[in-house]
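# Summary of the model geometry
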Amino acid sequence: MVISMTRQKLSKFMLTTNFICSMFYSMSYPYIYAELMKAVNHFYISGEQILSCLGVVLFGILWNKKGDFLYKHYLKIVTLETIADTILFAHVIITGNLKFYFVLNVLIYALITRNMANGGIRLRAKVHPDEKSRERYDNNCNIVNSTATLVGSGIALVTDMSLTVLFVAALIGNVFDNFCYYYIYCQANKLAENDRQKGNI
């Protein structure tokens, strides 16, 4: 059973989640990407840009047209990314095949993560329905994410982690992020249901 939260508390929870996930991201992904650039050529990099942009355009249009339908299945998208990321990171940790990781990671981002990002926009709007609270949240998000990046980069700088450890850290951050999305989705829907019930009184 998921305990109900107020919008203010849920907003703070979202900021805390952003901090933790941004910290894991900043302590792992930039250094992973640096290693990937040594393993792939310009064809892979150009392909990444093209597929990523196509994903943004395609799913942006799709969410504008079918957002209500996709939002109902949002948890399935979150679950799918969790499974895909686990397979992706397990494979690269076991085999060390950076080219395969690069290609599959691009596909996951273009086809799944972009869906999650568009759904995340709706989640933020549900938790922050008025302009002032949304503006405050966005500003706080920038502060939190930048602070987390400083912390994560500092950790990576002083610890000199191996590539395997970096992959594990990235996976932990991704999985934690997705579990938090699950919780936020359930809470946001409860808030919306409470609003509807109050409107019917």
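Above: the structure in question.
Everything in this summary refers to the structure shown in the same document. (Residues numbered from 1 in each chain as written. Predicted model: local features only at pLDDT ≥ 70, side-chain atom pairs only at ≥ 80, totals over all residues. Heavy atoms only, no water.)

## Brief notes about the side chain of T82
- You can see T82 is positioned in helix α3 (residues 74–95).
- What T82 contacts, discounting residues up to four positions off in sequence, is V175 and N178. (Helix = DSSP H or I, 4+ residues; strand = E, 2+ residues; numbered from the N terminus. Contact = heavy atoms within 4.5 Å.)

## Section: helix α2 (residues 42–72)
- Helix length check: α2 (31 residues) gives 39 Å between terminal C-alpha atoms against 45 Å at 1.5 Å per residue, more than 12% under.
- Along α2, the sharpest kink reaches roughly 95 degrees, centred on K66.
- All of the buried residues in α2 are E48, S52, G55, F59, G60, W63, G67, L70 and Y71.
- Put simply, N41 is the residue that caps the front of α2, since its side-chain oxygen is 3.0 Å from the backbone nitrogen of F43. (Expected span 1.5 Å × (residues − 1). Bend = angle between axes of the 7 residues up to and from the residue. Buried < 20%, exposed > 50% of the residue type's maximum accessible area, 1.4 Å probe, protein only. Polar contact = N/O pair within 3.5 Å; in protein donor to acceptor, adjacent residues only side chain to side chain.)

## Description of the packing of aromatic side chains
- The full count for this structure, using the stated rule, is 11 aromatic pairs.
- Ring geometry for Y74 and Y181: centres 6.2 Å apart, planes at 70 degrees, overall edge-to-face. Highlighted residues: Y74 in helix α3 and Y181 in helix α6 (residues 163–200), separated in sequence by 107 residues. Side by side, Y74 and Y181 carry an identical accessibility label, which is buried.
- Arranged with centres 5.6 Å apart and planes meeting at 65 degrees, the rings of F89 and Y101 form a pair that is edge-to-face. In this pair, F89 is assigned in helix α3 and Y101 in helix α4 (residues 98–127), connecting sequence segments 12 residues apart. The same class applies to F89 and to Y101, which are both buried. (Phe/Tyr/Trp six-rings, centres within 6.5 Å; stacked < 30°, edge-to-face > 60°.)

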